[in-house]
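Analysis of the macromolecular model
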Amino acid sequence: MNNQDPVNWLDEYGDYLYAVALRQTGNATVAEDIVQDTLIAAWQGFEGFKGESSIKTWLTAILKNKVLDYLRRAFHREIPTIFEEPSSTQDDDFNSWGIWKNKVAKWAVWPETPEDSVSRQQLYDVLKSCLEKLPKVQRAVMMMKFLEERESETICSALNITASNLWILVFRARLKLRSCLDMNWYKKESLK
Amino acid sequence: MIREWFVTSWFSCRKFAERMSRSVDRPLSTRDRLGYLFHFYWCFTCRRVSKQIRQLDRELGRYLTEEDLDKVTLPQETIKKISEKLSEEKR
């Protein structure tokens, strides 16, 4: 394969890049655009590629930056909703004393071994739909946290929000994801 | 007033969950850590939630970054569109 031809990159790694982008953005159209932008950016910056990593790793790193750009833009489009979120005392999970309203059930052990691959795929499907149900701002913040692999200060400055705002958004996203996973995965699994 | 502060800071599950979420990402201040530990030892439900949120983070990290991704393919139309764009760029 000619490693210097971007059309070959598309043939070889297009599906992989698309799968990564789709998982991280949750939107097929956006993922397709990100793959295109990644390949164009890679072609334009190919002179800077020193060959220290494989083409696939290099393309994945460019794609990650494109995803982060998209998440930042998505966050800023939705930013007014931050201020419309319920105040901290109105969260659904707690009563007015800040005590859990409902009993929290124990989670079963989740799929770990290769033989559990079907269960793992089912778990991922649930996780994917739970992520999709998150408010866009919370989703963008959570994705950035996992993809940035950097200090939260970097995320705060990229999004132009305070650390307290970030923690509240992450906290609420985690609680929502926990409830969603509890409802749609663990409770169903325990009924089997 | 003091009672309210004590209840919200030390006995509140909500406050605990907030501190726990923060502690996953960065160390807590001494004051927050004390409140966190106090609550952790007496509240069974919060211990369970704490474990679940850590599990959730691990699963989410795995889901978002693992190599063995879903078998999805770029639509043919998109491949054609991107190929054309790249050919234009090459010129």
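Residues numbered from 1 in each chain as written. Chains lettered and ligands numbered in written order. Predicted model: local features only at pLDDT ≥ 70, side-chain atom pairs only at ≥ 80, totals over all residues. Heavy atoms only, no water.

**Section: the overall build of chain A**
Operational definition: To qualify as a helix, a DSSP run of H or I must reach at least 4 residues; to qualify as a strand, a run of E must reach at least 2; elements of each kind are numbered from the N terminus. For the accessible areas, the method is Shrake-Rupley and the probe is 1.4 Å, while residue cover comes only from the protein chains on display.
When helices and strands are counted, chain A shows 7 helices and 0 strands. Each helix and strand of chain A, placed in order from N terminus to C terminus, yields the pattern α-α-α-α-α-α-α. Counting every atom, chain A has about 9900 Å² of accessible surface; 50% of that belongs to carbon and sulfur.

**Side note on the confidence of the model for chain A**
The following threshold applies: One confidence number per residue, pLDDT, is output by the predictor and ranges from 0 to 100. We call two residues in contact when some of their heavy atoms are within 4.5 Å.
Overall, the prediction assigns chain A a mean pLDDT of 81, with 82% of residues at 70 or greater. Throughout residues 83-90 of chain A the model reports pLDDT below 50, and contacts reaching past four residues in sequence, or to other chains, amount to 7 contacts.

**Section: helix 2 (residues 28-44) of chain A**
Residues and elements named next belong to chain A. Where we set the bar: Expected helix span is computed as 1.5 Å times (number of residues minus one). Each residue's exposure class comes from its accessible area (1.4 Å probe, protein chains only) as a fraction of the maximum for that residue type: buried when under 20%, exposed when over 50%, partly exposed otherwise. Polar contacts here mean pairs of N or O atoms no more than 3.5 Å apart (in protein, one a potential hydrogen donor and the other a potential acceptor; neighbouring residues in sequence count only if both atoms are side-chain atoms).
Taking 1.5 Å of rise per residue, 17 residues should cover 24 Å, and helix 2 covers 24 Å from first to last C-alpha, within 8% of that figure. The complete set of buried residues in helix 2 reads V30, A31, E32, I34, V35, Q36, T38, L39, I40 and A42. Structurally, the start of helix 2 carries an N-cap: the backbone nitrogen of T29 is 3.0 Å from a side-chain oxygen of N27.

**Here's the deal with the packing of aromatic side chains**
Residues and elements named next belong to chain A. Note the cut-off: Under the pairing criterion, centres of Phe, Tyr and Trp rings, with the six-membered ring standing for Trp, must be within 6.5 Å; the plane angle then separates stacked pairs below 30 degrees from edge-to-face pairs above 60, leaving the rest tilted. Lysine and arginine charges are scored as sitting over a ring when NZ or CZ, respectively, is within 6 Å of the ring centre and within 35 degrees of the ring normal.
If you walk through the whole model with that rule in mind, you get 13 aromatic pairs over all chains. With a centroid separation of 4.4 Å and an interplanar angle of 40°, the aromatic rings of F94 and W100 are classed as tilted. The exposure classification of F94 matches that of W100, with both residues buried. Taken together, the ring pairs in this structure connect W9, F46, F49 and W58 into an aromatic cluster. One Lys or Arg, K56, reaches over the ring of Y16 and ends 4.3 Å from the middle of that ring. One residue, K145, lies across the ring of F146, its end atom 5.8 Å from the ring centre.

**Regarding the interface of chain B and chain A**
Heads up, the condition is: The term buried area means the drop in 1.4 Å probe accessible area that two parts suffer when joined, counted for both and summed. Think of a salt bridge as a Lys or Arg side-chain nitrogen and an Asp or Glu carboxyl oxygen that are within 4 Å of each other.
Facing the 48 residues of chain B at the interface are 57 residues of chain A. Buried area between chain B and chain A, summed over both chains or domains, comes out near 5200 Å², and the portion from carbon and sulfur atoms is 64%. Looking only at chain B, the three residues that lose the most surface to chain A are R14, Y63 and L64 of chain B, adding up to 15% of its buried area. On the surface where chain B and chain A come into contact, there are 2 salt bridges. Two residues, R174 of chain A and D57 of chain B, come together in a salt bridge whose shortest N-O distance is 2.8 Å.

**Concerning empty space enclosed by the protein**
Filter applied, for reference: Only protein atoms enter the 1 Å grid used here. Points where a 1.4 Å probe fits but cannot escape make up a cavity, open sets with protein on both sides within 12 Å along at least five of seven lines make up a pocket, and a residue lines them when an atom lies within 4 Å of a point. Grid points are joined across faces, edges and corners, and a volume is the space filled by probe spheres set on the points.
Counted according to the given criterion, the structure contains 1 cavity of 30 Å³ or more. If you add up the space inside the largest cavity, you get close to 40 Å³. Lining the largest cavity, in full, are L22, R23, G26, K128, L131, E132 and R139 of chain A together with Y63 of chain B.

**A closer look at the pattern of salt bridges**
Residue and element names in this part refer to chain B. If you walk through the whole model with that rule in mind, you get 7 salt bridges over all chains. Of the charged contacts in the structure, one is a salt bridge between R22 and D32, with a shortest N-O distance of 3.3 Å. Taken together, the residues R22 in helix 2 (residues 13-25) and D32 in helix 3 (residues 30-42) connect sequence positions 10 residues apart. Residue D32 is classed as buried on the basis of its relative accessible area, which comes to 15%. Several salt bridges share partner residues, and in doing so they unite R14, K15 and E18 into one network.

**Focus: helix 2 of chain B**
Spanning 13 residues, helix 2 of chain B covers 19 Å between terminal C-alpha atoms, matching the ideal 18 Å at 1.5 Å per step. All of the buried residues along helix 2 of chain B are C13, R14, F16, A17, E18, R19, M20 and S21 of chain B.

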